[in-house]
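If you want the building blocks of each chain, they are given just below.
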Amino acid sequence: MTVPTGRRERKKAATRQKIADAALRLFLERGYEAVGIREVAAEADVAVTTLFSHFASKEALVFEQDEDFEQRLTRAVTGRAPHEPLIPALRHEIHALVRHCTADSAAPIWCMISDSPALRKYDESMRLRHAETLATAIAADPDLSRTATASRTIARFVIDAYALAREAADPQAAVDEIFRMIEAAWEVAGARP
């Protein structure tokens with residue numbers, strides 16, 4: 001996550017983190033469905049309106065690093081050195097993200113998500129949004145010269161790689177296996193008829 005530089009930005013980031021931490025603590029203690037927004041706000045010692053100025057919904061409280069995830073994937077595309085291959089850069093970033101989300105401390109959170117229809121639905125819509133953002137970054141890179149359809153397809157594959165690897169017995173090996181297929185698809189998409 002990027003570190004805010006100004007005092008106001010640091011205070012906003014600290015408040016956001018305090019709300020997210022309080023929400024997660026309550027959700028894990030009592031169950032996601034059993035905790036209301038007012039309880040989260042009270043636990044974080046903020047007004048409900050303050051909570052909603054930081055998070056658009058109750059589900060967003062669980063996925064508080066959503067924006068950071070999306071930015072990291074976009075930077076894997078836009079932050080590459082000139083002519084650096086795309087797929088290895090994305091593989092590297094997905095490896096790091098999978099390592100983070102498969103840490104022992106994340107297991108109860110993923111269990112909670114798995115048990116909640118609302119959280120599963122939110123996760124799915126979030127992944128689609130991430131894929132569209134990633135596809136836009138890929139399509140905008142003139143060095144990559146792929147069609148919009150190819151960019152969208154590869155972006156979805158990358159986002160799905162994250163989700164599939166996260167659930168695999170050996171997540172890091174799964175990332176490598178999936179990215180071999182993504183690499184092949186990327187090469188096929190670049191071949192001219």
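Our subject is the structure listed above.
Bear in mind the structure is a predicted one, so any value in this text is a computation, not a measurement.

Caption draft 1: Helix α10 (residues 171-190), seen in detail. Here α10 is 20 residues long and its end C-alpha atoms lie 28 Å apart, about the 28 Å a rise of 1.5 Å per residue gives. At its buried positions, α10 is contacted by α6 (86-101), α8 (117-140) and α9 (148-167).

Caption draft 2: Layout of the packing of α9 against α10. It is at 9 Å that the axes of α9 and α10 come closest, and there the two elements cross at 170 degrees. In terms of orientation, α9 lies roughly antiparallel with respect to α10. The segment α9 lies against α10, with A150, I154, F157, V158, A161, L164 and A165 engaging P171, A174, V175, I178, F179, I182, A185, W186 and A189.

Caption draft 3: Structural detail: the environment of G79. Examined against the element boundaries, G79 turns out to sit in the loop between α5 (66-78) and α6. The spacing of G79 and A89 is 10 residues in sequence and 9.3 Å in space, taken between C-alpha atoms.

Caption draft 4: Inspection of the state of the cysteines at higher detail. For the coordinates displayed, the defined rule picks out zero disulfides. Take C101: it sits in no disulfide, and the sulfur closest to it among the cysteines is that of C111, at 14 Å. Among the residues examined, C111 registers a relative accessible area of 44% and is labelled partly exposed.

Caption draft 5: Focus on the layout of surface pockets. Within this model, the largest pocket holds a volume of roughly 650 Å³. Taken together, 28 residues form the lining of the largest pocket, with V62, Q65, H100, C101 and W110 sitting closest to its centre. Every element with two or more residues in the lining of the largest pocket is listed here: α1 (7-30), α4 (58-62), α5, α6, α7 (107-115), α8 and α9.

Caption draft 6: A look at unusual backbone geometry. A positive phi angle, near 60 degrees, is found at D45, a position not held by glycine. Relative to the helices and strands, D45 resides in the loop between α2 (37-44) and α3 (48-54). Judged by its relative accessible area of 65%, D45 is exposed. One non-glycine residue, S145, adopts positive backbone phi at about 40 degrees. Among the structural elements, S145 can be located in the loop between α8 and α9. For S145, a relative accessible area of 42% translates into the label partly exposed.

Rules behind the numbers
Residues numbered from 1 in each chain as written. Predicted model: local features only at pLDDT ≥ 70, side-chain atom pairs only at ≥ 80, totals over all residues. Heavy atoms only, no water. Helix = DSSP H or I, 4+ residues; strand = E, 2+ residues; numbered from the N terminus. Expected span 1.5 Å × (residues − 1). Contact = heavy atoms within 4.5 Å. Axes fitted to C-alpha atoms, helices over the stretch in contact; angles between N-to-C directions. Parallel < 35°, antiparallel > 145°, perpendicular 65-115°, else oblique. Disulfide = S-S within 2.5 Å. Buried < 20%, exposed > 50% of the residue type's maximum accessible area, 1.4 Å probe, protein only. 1 Å grid on protein atoms, 1.4 Å probe; cavity = no way out; pocket = protein on both sides within 12 Å on 5 of 7 lines; lining within 4 Å. Points joined across faces, edges and corners; volume = space filled by probe spheres on them.

Any functional reading would require information that these geometric values do not contain.
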